[in-house]
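Coordinate analysis (summary)
Listed here are the chains, written in short residue letters.
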Amino acid sequence: MNPQAKLIFITSLLLGTTITISSNHWIMAWAGLEINTLAILPLISKSHHPRAIEAATKYFLVQAAASALVLFSSMTNAWCTGQWDITQLTHPTSCLILTSAIAMKLGLVPFHFWFPEVLQGSPLTTGLLLSTAMKLPPITLLYMTSPSLNPTLLTTMAILSTALGGWMGLNQTQIRKILAFSSISHLGWMAIILAYNPKLTLLNFYLYALMTTTVFLTMNSMKVLKLSTLMTAWTKVPSLNAMLLLTLLSLAGLPPLTGFLPKWLIIQELTKQDMAPAATIISLLSLLSLFFYLRLAYCTTITLPPHTTNHMKQWHTYKSTPTLIAILTTMSITLLPASPMILTLI
């Protein structure tokens, strides 16, 4: 892609995100979301592969429908209350429509079908943007409207997202699809706590974005797209594989690592809100996604494939691990002891 064009698209992404997260008026927030959608489309379809074009088309149709619903929701609220302010969303019908629209933008169940397909058709770097940066504006809108949203609806969608995200990721062999279902599962954890402690939703999103960025950049550095290639990638950069193992276990939420922090705090908060059954269900459902994280971790660190693969072993390259990946990995696995400090910041 032309560097000048890429610069324009990346700048537009930053601009759209900034407009949405800093706006008080619904029309400004909607305009920011539209700028974001239009800026990411060329990045999805830049390879001109039929899968990429299909992914870009699906993404455009879903995001256009979701944006129309956001506009419809805010207009209904303005019609009934005379308020265009984002924090003044008080009309029940508007709240329900907005929840559906944002769920569609994020890929929450039952509006999740587009996300794995779009991620599978995109390059890894664009997949990283779709999984992290593109989710920030919708989550910000949810954060600002959280007092008005329906807790029962959010809890139902959250539990379904965690269940389907874990269940549908079990038999996948494509890494981008596995990471898409991982994203859907994590969104469930963010949605369940939104109505009770929205700051925990943001904390969960930041830590999820940190760990996912590490995984995507590592996969991109090793040029790995599916499990069979991952099984023979250990010869290429052994240190990077060891780091990827720890990051995947952190993403699964295992205790001594960073990924355990948001799960721990969310379970604690749900118990305080007399929602112990919901906390138990969502914790058990996260075991489903733990299975495919462990499978990824096994394929990452296995040194001899148990069966003959069609892939030749790759040459060991003596280049050092990129500094950014090293820093992100360190943060992805060691932030748990710093949890008191993190809690004072949020």
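From a predicted model like this one, the values you see are computed outputs, not experimental measurements.

What to know about the overall build of the protein chain
In terms of helices and strands, the protein chain carries 16 helices and zero strands. Against the globule reference of 20 Å for 346 residues, the protein chain gives a C-alpha radius of gyration of 20 Å, in line with a compact fold. Looking at the protein chain as a whole, 54% of its 346 residues are labelled buried. Pairs at least 24 residues apart make up 78% of the contacts formed inside the protein chain by residues separated by at least 6 positions. Accessible surface for the protein chain amounts to roughly 14900 Å². Of this, 71% is attributable to carbon and sulfur atoms. If you average the places of the 17 positive and of the 6 negative side-chain charges in the protein chain, the two averages end up 19 Å apart.

Thoughts on a nonpolar patch on the surface
On the surface, a nonpolar cluster with roughly 390 Å² of combined accessible area is contributed by Met 341, Leu 343, Leu 345 and Ile 346. Along the polypeptide, Met 341 turns up in helix H16 (residues 339-345).

Description of the packing of aromatic side chains
As enumerated under the stated definition, the model contains five aromatic pairs in all. Ring centres 6.0 Å apart and planes at 5° place the aromatic pair Phe 260 and Trp 264 in the stacked group. A residue pair is termed a helical-turn pair when its members lie 3 or 4 positions apart in one helix, as Phe 260 and Trp 264 do in helix H13 (residues 260-272) at four residues. Counting every residue linked through ring pairs, the aromatic cluster contains Tyr 59, Trp 114 and Phe 115. Positioned above the aromatic ring of Phe 115, the side-chain terminus of Lys 135 is 3.9 Å from the ring centre. Taking the ring centre of Trp 189 as reference, the NZ or CZ of Lys 263 above it sits at 5.1 Å.

Here we look at the side chain of Ser 94
Position of Ser 94 among the secondary structure elements: in helix H4 (residues 92-106). Overall, Ser 94 belongs to the buried group, its relative accessible area being 0%. If sequence neighbours within four positions are ignored, Ser 94 has contacts with Ser 73, Thr 76, Asn 77 and Leu 89.

Quick look at the environment of Ala 78
Among the structural elements, Ala 78 can be located in helix H3 (residues 50-81). Here the alpha-carbon distance between Ala 78 and Leu 164, two residues 86 residues apart in the chain, equals 35 Å. Among residues more than four places away in sequence, those in contact with Ala 78 are Gln 83 and Trp 84.

A short note on the domain arrangement of the protein chain
Quite often, the size of an interface is put as the accessible area lost when its parts meet. Segmentation of the protein chain into domains returns domain 1 (1-123) and domain 2 (150-345). Here domain 1 and domain 2 have C-alpha centroids that lie 24 Å from each other. When domain 1 packs against domain 2, close to 1600 Å² is buried across both sides, 75% of that on carbon and sulfur atoms. Linking domain 1 with domain 2 are one salt bridge, by the criterion used here. Here Glu 117 and Lys 177 are joined by a salt bridge, their closest N and O atoms 3.4 Å apart. Secondary structure elements with two or more residues in the side of domain 1 that touches domain 2: H4 and helix H5 (114-121). Considering every element that reaches the side of domain 1 that touches domain 2, the biggest residue donor is H5, with five residues. Its residues assigned to classes, the side of domain 1 that touches domain 2 shows eleven nonpolar, five polar and one charged.

Regarding the packing of helix H2 (residues 26-44) against H3
Running from N to C, H2 and H3 cross one another at 180°; their axes reach a closest spacing of 10 Å. Classified by the angle their axes make, H2 and H3 are roughly antiparallel. Together, Trp 26, Ile 27, Trp 30, Glu 34, Thr 37, Ile 40, Leu 41 and Ile 44 of H2 and Ala 52, Ala 55, Ala 56, Tyr 59, Phe 60, Gln 63, Ser 67, Val 70, Leu 71 and Ser 74 of H3 make up the contact between the two elements.

A short note on the nonpolar core
Counting residues in each nonpolar core, the largest one holds 101 residues, and the members touching the most others are Tyr 59, Leu 130, Ile 192 and Leu 230. Broken down by element, the residue count for this core peaks at 13 residues, all from helix H10 (residues 198-222). For this core, the two domains that each supply at least three residues are domain 1 (1-123) and domain 2 (150-345). Setting aside its immediate chain neighbours within four residues, Tyr 59 contacts Thr 37, Ile 40, Leu 41, Ile 44, Trp 114, Val 118, Leu 130 and Met 134.

Cut-offs used in this document
Residues numbered from 1 in each chain as written. Predicted model: local features only at pLDDT ≥ 70, side-chain atom pairs only at ≥ 80, totals over all residues. Heavy atoms only, no water. Helix = DSSP H or I, 4+ residues; strand = E, 2+ residues; numbered from the N terminus. Rg over C-alpha atoms; globule rule 2.2 N^0.38 Å. Buried < 20%, exposed > 50% of the residue type's maximum accessible area, 1.4 Å probe, protein only. Contact = heavy atoms within 4.5 Å. Areas by Shrake-Rupley, 256 points an atom, 1.4 Å probe, with all protein chains shown as cover. Lys, Arg positive; Asp, Glu negative; His and termini not counted. Charge placed at Lys NZ, Arg CZ, Asp CG, Glu CD. Patch = residues over 30% accessible without salt bridge, like charges linked within 9 Å, V, L, I, M, F, W, Y side chains within 5 Å. Salt bridge = Lys/Arg side-chain N within 4 Å of Asp/Glu carboxyl O. Phe/Tyr/Trp six-rings, centres within 6.5 Å; stacked < 30°, edge-to-face > 60°. Lys NZ or Arg CZ within 6 Å of the ring centre and 35° of its normal. Domains from an automatic or database assignment. Buried area = accessible area lost by both parts, 1.4 Å probe. Nonpolar A, V, L, I, M, F, W, Y, C, P; charged D, E, K, R; others polar. Axes fitted to C-alpha atoms, helices over the stretch in contact; angles between N-to-C directions. Parallel < 35°, antiparallel > 145°, perpendicular 65-115°, else oblique. Core = buried A, V, L, I, M, F, W, Y, C linked by side-chain atoms within 4.5 Å.

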